[in-house]
Amino acid sequence: MVILHDEAYYKSRIPQPDLGPFRNFLRFLWDRERKAFLDRTAKEWGQLGLFYLCFFTILGTIFAIQMKVSIDYVSQLDKPFFQYVNPKSGRASRFTRSTFGSPGIVFKPNSMSTASPIISVSNLTGNTKSERYVQAINDFLQEYDKNRSNYDLDCQKKHSISGHPRKSCYFNIHNLGICSTPPYGYTKPLKPCVLIKFNKRFDWIPEYYNYSSHLPQNMPERLKKVVQKSHKPYIWLSCNGANNVDKDHIGEIEYIPTPGFPVEYFPFTGQLDYMSPIVALKFNSLTSITGAFYTCFFSALALLFAVCMKGLLATLNYEKPRWILEESLIGTNPGLGFRPMSNNADERSLIWYSSSDPSSVQKWTGLLDTFLEEYINSSLLPNGGRNQQICNYNTPVKPGHVCAVEVNNWGPCSPNHQYGFNNSAPCIFIKLNRIYGWIPEYYNDTENLPNEMPADLVEHIKSTNSSWLNTVWVSCKGANPHDNEDIGELNYYPENHGFPGYYYPYQNIPGYLSPVVAVHFLRPARNKIINVECRAWAKNIKYMTSQYQQHGMVHFELMIDE
C-alpha cells in the first residue's frame, strides 16, 4: 500500500540547512521564513494552547469535584475519622488507627526565633524582648475571655472525668494569680511567668495518679509529696533544668494554681468553645548564667585551640613541604603558564588589543611590567637579591644561592620595546610552574628525539652546542591548521629555545625566580582569533590535552585589531 502526500508535506520534511550553532539557535528563536517562534508557528502554538487549556480544565474539574465531595463528607462528621482508642477500655470507633501518640503540651510565650525555643530576658531597662513576650501572653489569654453562660462553671467541683458533657468546662484565667495580669513578671525584679497548655486530643481520657496510686520512680520527690497529699485528681506536671548547670540556675518554680491539669476538662469531644487547662510556671529566683563561667569556658577553649594550632604548626617545615613529588597532590608533572593574563575573568585566556590604541597597548604592557618587576629590579626580592648569581651550563649554582634571569637576553621582548605590542608583534612570556625537588629528564640526545617534536625545534637542538642540551625545550604552534596559517613566524628569547637546566631543582630558596621564555610573534594575522598552544619538552613531562584537562602545555588566544 502506497500513501501519497501533497507537495507541501514533502517540502516540510526537507531538513533545514546548517547555519552553525549560534545562527541555528537564532533561527530556533525566530524563523523569518516560517514566521515561527521557538520552532512553532502561530497555528501550532494555538493548537498547543487549546490542548493544554482543555487538559487542565478537565483536570481542574475532576480535582474540584473530588474536593467538594471530600469536604461535604468531612463536614458531616462529629468526630475525627481516625481517633484515639483507649487501650484498656478497648473502645473502637470508625477506624482504630491514629497517627498521634500521647497528647503533648506547649508553652507560651513562644520564642522569638524559630531556630531555638529560648525565652531570653534581661534586667536592662527598655528591653524590647520582654515587651514582645508580654504582648504574646496577652494575645494568648484573649482566647479565654469568653461568655461564661456557655460553660459549666461548677465542673471543677465534681472531681471526676465529666464523660460527654453538654457544656465545656470553664477555665478562669484569674486562677493563674499574678501570671494572669500584665506584665506577667517580665519587669524588674524578673520573676517571669511561662504558661503551659495541654493540647487537645479527641476522646482521650487520662489515667491519672492519685494519693493511693503507685507512683513511678522517676517522678520528682517533691511532686510525689504533692500527689500523696492531694485528694483531687490531676494530670501532674513537673519542670526542672535540662542539665546540672540549668538546675543550678533555674531556682524555685512556683506552679499556679497547682502543678497539674484538672481531669474535669477531659475528654475533649469536639466542642467548638472548648478551653484547654493551663498551668503557670513562675520562676521566683531565676539566676543568669554568670559571665565568669563563660569567661572560663571560652578561655579554656581558646587555650586548647592555641595548643592544637601550635602543635600543628610545629609539624610544618617552612623550607620544605612534608609531601613532595609522587607523595604530594601536585605530583611530578609541572604545568605551563603564560603572561600577560587579563584580570578580567570574562577574557580568560584571550589576549585582545589594538596596536593603534595606546590605552589598549598600555593595558597589556602594564600587566607584563607587574609580572616582570622582580626580574628587572632584583632589589624587590627577599634579601634584596644578594644571593643571586649569574649561572650557565658550566657553572652550577652555589649552595644557598639562586640563578639570576638575564633580562638583557630578551631582545625585542624587553620593556624598552614595549614587548613588541606597539608594533603588532607582541611577546608572550611562557613559564614552567614550580614543583619542589623536581628535576627534568632532558631530551639531550640529538639522535633520539620524539617523532612529534616540531621540525624547527629538532633542527635547533641538533645545531645547539652539546653542553647546552640540558634544557627543557619550548615550542609553540597554532592549535588548528588554520591557526598555523595565521600565526606567522615565531622567535624565542633567550635564544636557547627553552628553560636552562641549571635553574632546577626548585628548593624554595628565597629570591628564586622561575625562568621564562619570551615567544615573539613577528607577523600574526590581523582581526582574527589565533589559537596558540605552547608545549614544554622533557621526558618526565607528560603531554595530554582534552576538553577539560591540559598537561604539559598551555593554550591561549591572540587577536590583534588594525
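Bear in mind the structure is a predicted one, so any value in this text is a computation, not a measurement. (Residues numbered from 1 in each chain as written. Predicted model: local features only at pLDDT ≥ 70, side-chain atom pairs only at ≥ 80, totals over all residues. Heavy atoms only, no water.)

### Considerations on the state of the cysteines
- One pass over the structure, following the stated rule, counts four disulfides.
- Disulfide partner of C476: C534, at an S-S distance of 1.9 Å. Between C476 and C534 the sulfur-sulfur dihedral comes to about 110°; the bridge is accordingly right-handed. Of the two residues, C476 is situated in strand β16 (residues 471-478) and C534 in strand β20 (residues 530-537); the sequence distance between them amounts to 58 residues. Each member of the pair, C476 as well as C534, carries the same accessibility label: buried. (Disulfide = S-S within 2.5 Å. Helix = DSSP H or I, 4+ residues; strand = E, 2+ residues; numbered from the N terminus. Buried < 20%, exposed > 50% of the residue type's maximum accessible area, 1.4 Å probe, protein only.)

### A word on the sheet that holds strand β15 (residues 427-432)
- The four strands are arranged β11-β15-β19-β17 in an open sheet whose pairing can be described as antiparallel. Because the sheet does not close on itself, it has two edges, and the strands there are β11 (336-339) and β17 (490-493). Adjacent strand axes in the sheet meet at a mean angle of 25° when their direction is disregarded.
- For β17 and strand β19 (residues 516-521), the ladder comprises four bridges, and the chain directions are antiparallel. Across the sheet, N491 pairs through a bridge with H520, a residue of β19.
- Contacts from helix α8 (residues 358-376) reach β11, β15 and β19 within the one sheet, and its direction differs from that of β15 by about 55°. (Pairing = 2+ DSSP bridges. Axes fitted to C-alpha atoms, helices over the stretch in contact; angles between N-to-C directions. Contact = heavy atoms within 4.5 Å.)

### Topic: the UniProt feature "transmembrane region" (unreviewed entry) in the protein
- Those residues carrying the UniProt feature "transmembrane region" (unreviewed entry) are residues 48-67 and 292-313 in this numbering.
- The span residues 48-67 is 100% helical and 0% strand by assignment, and the distance between its end C-alpha atoms comes to 28 Å. (UniProt positions renumbered as here; feature names shortened; annotations may be inferred.)

### Thoughts on the environment of I509
- Its place among the elements puts I509 in the loop between β18 (498-500) and β19.
- Residues I509 and P382 lie 127 residues apart in sequence; the distance between their C-alpha atoms is 9.7 Å.
- When residues no more than four places from it in sequence are discounted, the contact partners of I509 are N387, G400, H401 and V402.

### With respect to unusual backbone geometry
- For the peptide bond that leads from K188 to P189, omega is -10°, which places it in the cis range.
- Mapped onto the elements, P189 comes out in the loop between β5 (168-169) and β6 (193-198).
- Backbone torsion omega between I256 and P257 reads 0°, so that peptide bond is classified as cis.
- Within the element layout of this structure, P257 appears in the loop between β8 (253-256) and β9 (260-262).

### A closer look at the nonpolar core
- Grouped together as the largest cluster of nonpolar side chains are 58 residues, with contacts concentrated most on F429 and I430.
- Counting residues per element, this core draws most heavily on α8, at seven residues.
- For I430, the contacting residues outside a window of four places in its chain are L336, G337, F338, F499, P515, V516, V517, V519, C534, V554 and F556.
- Among the nonpolar cores identified, the runner-up in size contains 41 residues, and I137, C155, Y170 and Y274 belong to it. (Core = buried A, V, L, I, M, F, W, Y, C linked by side-chain atoms within 4.5 Å.)

### Quick word on the environment of D139
- With respect to the element layout, D139 can be found in helix α4 (residues 128-141).
- Put simply, D139 and P109 are 30 residues apart on the chain and 9.5 Å apart in space, counted from C-alpha to C-alpha.
- A polar contact is formed between the side chain of D139 and the side chain of Q135, at a distance of 2.9 Å. (Polar contact = N/O pair within 3.5 Å; in protein donor to acceptor, adjacent residues only side chain to side chain.)

### Looking at the side chain of S230
- Turning to its location among the elements, S230 is positioned in the loop between α5 (221-229) and β7 (234-236).
- Using a relative accessible area of 14% as the deciding quantity, one classes S230 as buried.
- Apart from residues lying up to four places away in sequence, S230 is in contact with Y211 and W236.

### Let's talk about the sheet that holds strand β3 (residues 105-108)
- Judged by pairing direction, the sheet is antiparallel, and its four strands sit side by side in the order β3-β6-β10-β8 without closing on themselves. Every interior strand has two partners, whereas the edge strands, β3 and β8, have only one. The sheet shows a mean angle of 25° between the axes of neighbouring strands, taken without regard to direction.

### Observations concerning α8
- Taking 1.5 Å of rise per residue, 19 residues should cover 27 Å, yet α8 covers just 23 Å from first to last C-alpha, more than 12% shy of that figure.
- The largest bend in α8 comes to about 40°, at T370.
- Along α8, the positions that sit buried rather than exposed are S360, V361, W364, T365, G366, L367, L368, F371, L372 and Y375.
- Summarising the contacts, the buried residues of α8 are in contact with β11, β12 (350-354), β15 and β19. (Expected span 1.5 Å × (residues − 1). Bend = angle between axes of the 7 residues up to and from the residue.)

### Section: the packing of aromatic side chains
- Taken as a whole and judged by the stated rule, the model has 29 aromatic pairs.
- Summarising the aromatic geometry, the rings of F202 and F268 are spaced 6.3 Å apart at their centres and angled 80° between planes, so their arrangement reads as edge-to-face. Highlighted residues: F202 in the loop between β6 and α5 and F268 in the loop between β9 and β10 (278-283), separated in sequence by 66 residues. Comparing F202 with F268, the two get one shared label, buried.
- Looking at R535, its charged tip hangs above the ring of W537, at a distance of 3.7 Å from the centre.
- The ring of Y543 carries the charged tip of R535 above its face, separated from the ring centre by 3.9 Å. (Phe/Tyr/Trp six-rings, centres within 6.5 Å; stacked < 30°, edge-to-face > 60°. Lys NZ or Arg CZ within 6 Å of the ring centre and 35° of its normal.)

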